[in-house]
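Examination of the molecular architecture
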Amino acid sequence: MSGTSDQDRPLRAAVVGARIGRTHAAGYAASERAELVAICDAIESRCHALADAHDVEARYTDFETMLREQRPEVLSIATPQATHAPLTILAASRYKPTAILCEKAMAGNLGEARAMLETCNRHGVKLAIGHQGRWLRPFEQARDAVAAGDIGTPVFARVGCTVGGITNHLTHALDRMLFMLDQPEIEWVLGNVQRETDRWERGWPSEEMAVAVVGLAGGMRLALESETPDAPGLEAHTHLIVGADGLLIVSQDGRGADYAVRIVGRDGRTRDIPGDADYYDDARLRETDALAAWAAGEVDEHRGDAHLAIKTHEGLMAIYESARIRGLVRLPLKTMASPLIQMIESGDLPVRYPGRYDIRHHTAAYRS
C-alpha cells in the first residue's frame, strides 16, 4: 500500500505579527507546499481575528511558546523592525526552522542585520527578507528588458516615494531597482535627510525627507528621493532607467497598485510591454510559495535571500551615515549602529516643532 512520504507533505508554517502578517498567512494558506499551523501576535484579539480567517487552531501571544510547541519549518516574522533581529536570532538559534521570511526593513541597523544573517548561516536556516516587489510581474518584465539590451547599457536611474521614509517605502524602491539592474554592487552613497518634527513610523524614528545619489559598480548613478516635492512625470514609485539606447519606465497609477512598463527609444518611439494588472497581495502569494519551495529544496535560491537584501539595507543605512558625517560614504559601511538614531541622540537633528507622532500606528516592541 502506497502512502505519502515525509518529503511530499506540506511544510508547517507559522506567522508572528497578525497585522502585516495577514498577507503572509494568506500566502501559506494558498500554497500547496505549506500548511498554516499557527498564528502569534502580542494583541490577543488581533491574533484570533487572523487565525479565524484561516481556520487555524494554534494561537499564541508568546513567540517562544509558539516555536517550542509548533516547531514550524517555515516562519514569517511580520512584526515591527525593532523586533526583527531578536526574533530572528531566537528562532534560528534555538528552534531552527528550515526557512524564515522576515519583513522589511531588515533590522534597525546594519549590526543587527549582520547578526541575523550570521546566526542563520551558522545554524543552517535560510533567511529571506520581504521585498515582495521582486515578484511583481512588471518588475520581472523590466528586468528581462534591461537584460535583453532593449535600452542599451544602463547609465542612470531614478526612483522616489511619497510616504513612509527610508526604512519603509524607500526600502522597496531601492530593492526593486537593484533587482531590475541585476543586483549591481553599491560602491558609495552621498545623501541627506530632514527631520524637523518628532516623527515616527510604526514605533521607529523616521525622517521627513531624504535624497541620495548612489554610485553603482561600473560607474552607473542611481538617484533616490523620499517625500520630496512632486514633479510632473516623476510620480510616486515611478522607476526610470536611462540606457545608452533608450529609456525604461515602470510607473504606478493613481490607485497605488497597478504597474505598466514602457520603453522609449532614442528616436522617441514608445513600446509598451503588455501584461495583466498585478497587485502586492499577488506578489506575496508568489513570494511565500517560493519560500516554501526553497525550504523544501525544490529550488536553490530565493529572490529575497538575505544575502541580497542586506545589500539593500546597507545602502539605506549609508544614506543616514552620509547625512551624519556630512560627506560621501564608501561601502562597506563601518558604522554598525543606526546613524539616524545617533544623529537624534547627539542633537545633530534637533526637533524644531516638538510633539511626537506616528505616521502609521504606534506598536510597542514585541516581547517574546
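Here's a quick rundown of the structure.

The rules behind the values
- Residues numbered from 1 in each chain as written.
- Predicted model: local features only at pLDDT ≥ 70, side-chain atom pairs only at ≥ 80, totals over all residues.
- Heavy atoms only, no water.
- Helix = DSSP H or I, 4+ residues; strand = E, 2+ residues; numbered from the N terminus.
- Rg over C-alpha atoms; globule rule 2.2 N^0.38 Å.
- Buried < 20%, exposed > 50% of the residue type's maximum accessible area, 1.4 Å probe, protein only.
- 1 Å grid on protein atoms, 1.4 Å probe; cavity = no way out; pocket = protein on both sides within 12 Å on 5 of 7 lines; lining within 4 Å.
- Points joined across faces, edges and corners; volume = space filled by probe spheres on them.
- Nonpolar A, V, L, I, M, F, W, Y, C, P; charged D, E, K, R; others polar.
- Pairing = 2+ DSSP bridges.
- Axes fitted to C-alpha atoms, helices over the stretch in contact; angles between N-to-C directions.
- Contact = heavy atoms within 4.5 Å.
- Core = buried A, V, L, I, M, F, W, Y, C linked by side-chain atoms within 4.5 Å.
- Phe/Tyr/Trp six-rings, centres within 6.5 Å; stacked < 30°, edge-to-face > 60°.
- Lys NZ or Arg CZ within 6 Å of the ring centre and 35° of its normal.
- Disulfide = S-S within 2.5 Å.

Now for the overall build of the chain. Secondary structure summary: the chain contains ten helices and 17 strands in total. Here the chain has a C-alpha radius of gyration of 21 Å; the compact-globule value for 368 residues is 21 Å, and the two agree. With the C-alpha coordinates aligned to their principal axes, the bounding extent of the chain is approximately 65 × 55 × 40 Å. Counting the 368 residues in the chain, one finds 55% classified as buried.

Quantified by volume, the second largest pocket comes out at close to 270 Å³. Considering only residue class, the lining of the second largest pocket consists of five nonpolar, two polar and six charged.

Moving on, we come to the sheet that holds strand E3 (residues 58–60). Taken in spatial order, the six strands of this open sheet run E3-E2-E1-E4-E5-E6, and their pairing is parallel. Every interior strand has two partners, whereas the edge strands, E3 and strand E6 (126–130), have only one. Shown here is a sheet whose adjacent strand axes are inclined to one another by a mean of 20°, direction ignored. Where strand E2 (residues 34–40) and E3 come together, three bridges link them in parallel fashion. Among the inter-strand pairings, Ile 39 is bridged to a residue of E3, identified as Arg 59. Together, strand E1 (11–16), E2, strand E4 (74–77) and strand E5 (99–103) form the strand contacts of helix H1 (residues 21–30), whose direction differs from that of E1 by roughly 170°.

As a further point, take the nonpolar core. Counting 82 residues, the largest nonpolar core has Phe 63, Ile 241 and Leu 248 as its most contacted members. Counting 21 residues, the second-largest nonpolar core is a separate cluster that includes Ala 25, Ala 99, Trp 294 and Ala 295.

Looking at chain direction, strand E7 (residues 154–161) and strand E11 (residues 221–226) are connected through six bridges and run parallel. Bridging across to E11, Val 159 finds its partner in Leu 224. Here strand E10 (residues 209–216) pairs with E11 via six bridges, running antiparallel. Residue pairing in the sheet places Gly 215 in a bridge with Arg 221 of E11. Adjacent in sequence and paired antiparallel, E10 and E11 are bridged by four residues, among which Gly 218 carries a positive phi angle near 90°.

A word on unusual backbone geometry. With omega at -15°, the peptide bond leading from Lys 104 into Ala 105 counts as cis. Here the amide bond leading from Leu 331 into Pro 332 is cis, since omega sits at 10°, within 30 degrees of zero. Tracing the sequence through the fold places Pro 332 in the loop between strand E16 (329–330) and helix H10 (339–346). Here Gln 183, not a glycine, exhibits a phi torsion of approximately 55°, which is positive. Along the chain, Gln 183 falls in the loop between helix H7 (169–180) and strand E8 (186–194). Phi angles above zero are rare outside glycine, and Arg 202 is one such case at about 50°. Within the element layout of this structure, Arg 202 appears in the loop between strand E9 (197–200) and E10.

Attention now moves to the packing of aromatic side chains. By the definition in use, this model includes zero aromatic pairs. Between the NZ or CZ atom of Arg 356 and the centre of the ring of Trp 200, over which it lies, the distance is 3.4 Å.

Moving on to the state of the cysteines. A full pass over the atoms with the stated rule returns zero disulfides. The thiol of Cys 40 is not disulfide-bonded; the next cysteine sulfur, from Cys 47, is found 6.3 Å away. Among the cysteines around Cys 102, which has no disulfide bond, Cys 120 carries the closest sulfur, lying 9.0 Å off. Exposure remark for Cys 102: the relative accessible area of 0% places this residue in the buried category.

Along the polypeptide, Pro 97 turns up in the loop between helix H4 (84–95) and E5. Linking Pro 97 and Ala 13, residues 84 residues apart in sequence, is a C-alpha distance of 9.4 Å. Not counting the four nearest positions on each side in its chain, Pro 97 is found in contact with Pro 72, Glu 73, Leu 75, Ala 91, Ala 92 and Val 125.

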